[in-house]
Amino acid sequence: MTAATLFAATLLSILPIDTARAEFTVCNQTLDVVNLAVGQKIDDADQTDGWWTIGANQCVNVIREELANRYIYLYATDVFGHAILNGSVEMCVDRRRFSIRGIEECWQRGHIAARFVEVDTLEQVRWTYFLTGNSP
């Protein structure tokens, strides 16, 4: 190994490596597999996206960039489609993978209306939400 190679290897081992960090993570602390949908404002319009499947005692990164919104909206179902995280903010979901712009008139546009839980991230740029059996 040459001195230059050794120096480069040493330098790489001490410098921080720029890795992708999750900025909004959901951790499923239940004993069941859950399907998750996420709502947020994107370009001044409400948008919902889904589905992420999260195994028991697993975490999933659902928003990979720094949070630009104080409020993130979550809706979760069990594997049978029954709501297990059911809030008060009505937004749209679909049966299969989706990305839906707008939250009005879900049924008229061929989607399903679901009640999302509002998560206040306190204007932080990173947040982790823990889904427990006692979640609202």
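Everything below is about the structure printed above this text.
Summary of the structure given here. Model, not experiment: these values are computed from the prediction. (Residues numbered from 1 in each chain as written. Predicted model: local features only at pLDDT ≥ 70, side-chain atom pairs only at ≥ 80, totals over all residues. Heavy atoms only, no water.)

What about the overall build of the protein chain?
No. 1: Secondary structure summary: the protein chain contains one helix and ten strands in total.
No. 2: The buried share among the 136 residues of the protein chain stands at 38%.
No. 3: Long-range pairs, those at least 24 residues apart, make up 66% of the contacts in the protein chain with a sequence separation of at least 6.
No. 4: For the protein chain, the computed accessible surface area is about 8700 Å², with 52% contributed by carbon and sulfur atoms. (Helix = DSSP H or I, 4+ residues; strand = E, 2+ residues; numbered from the N terminus. Buried < 20%, exposed > 50% of the residue type's maximum accessible area, 1.4 Å probe, protein only. Contact = heavy atoms within 4.5 Å. Areas by Shrake-Rupley, 256 points an atom, 1.4 Å probe, with all protein chains shown as cover.)

Examining the packing of aromatic side chains
No. 1: Under the defined criterion, the tally for this structure stands at three aromatic pairs.
No. 2: Plain terms: the ring middles of Trp51 and Tyr75 are 6.3 Å apart, the flat faces sit at 50° to each other, and that makes the pair tilted. Highlighted residues: Trp51 in strand S3 (residues 45-54) and Tyr75 in strand S5 (residues 71-77), separated in sequence by 24 residues. Neither residue differs from the other here; Trp51 and Tyr75 are each classed as buried.
No. 3: For the pair Trp51 and Phe98, a centre-to-centre distance of 5.5 Å together with 80° between the ring planes defines the contact as edge-to-face. One end of the pair, Trp51, is in strand S3; the other, Phe98, is in strand S8 (residues 98-101), with 47 residues separating them in the sequence. For the pair formed by Trp51 and Phe98, the shared burial category is buried.
No. 4: Here the aromatic cluster, defined as three or more aromatic residues joined through ring pairs, consists of Trp51, Tyr75, Phe98 and Phe116. (Phe/Tyr/Trp six-rings, centres within 6.5 Å; stacked < 30°, edge-to-face > 60°.)

Focus on the layout of surface pockets
No. 1: In this structure, the largest pocket spans a volume of roughly 160 Å³.
No. 2: For the lining of the largest pocket, the secondary structure elements donating two or more residues are S5 and strand S9 (112-120).
No. 3: When residues in the lining of the largest pocket are grouped by element, the largest group, three residues, is from S9.
No. 4: Looking at the lining of the largest pocket residue by residue, the class counts come to six nonpolar, two polar and two charged. (1 Å grid on protein atoms, 1.4 Å probe; cavity = no way out; pocket = protein on both sides within 12 Å on 5 of 7 lines; lining within 4 Å. Points joined across faces, edges and corners; volume = space filled by probe spheres on them. Nonpolar A, V, L, I, M, F, W, Y, C, P; charged D, E, K, R; others polar.)

No statement about biological role is implied by the geometric values presented.
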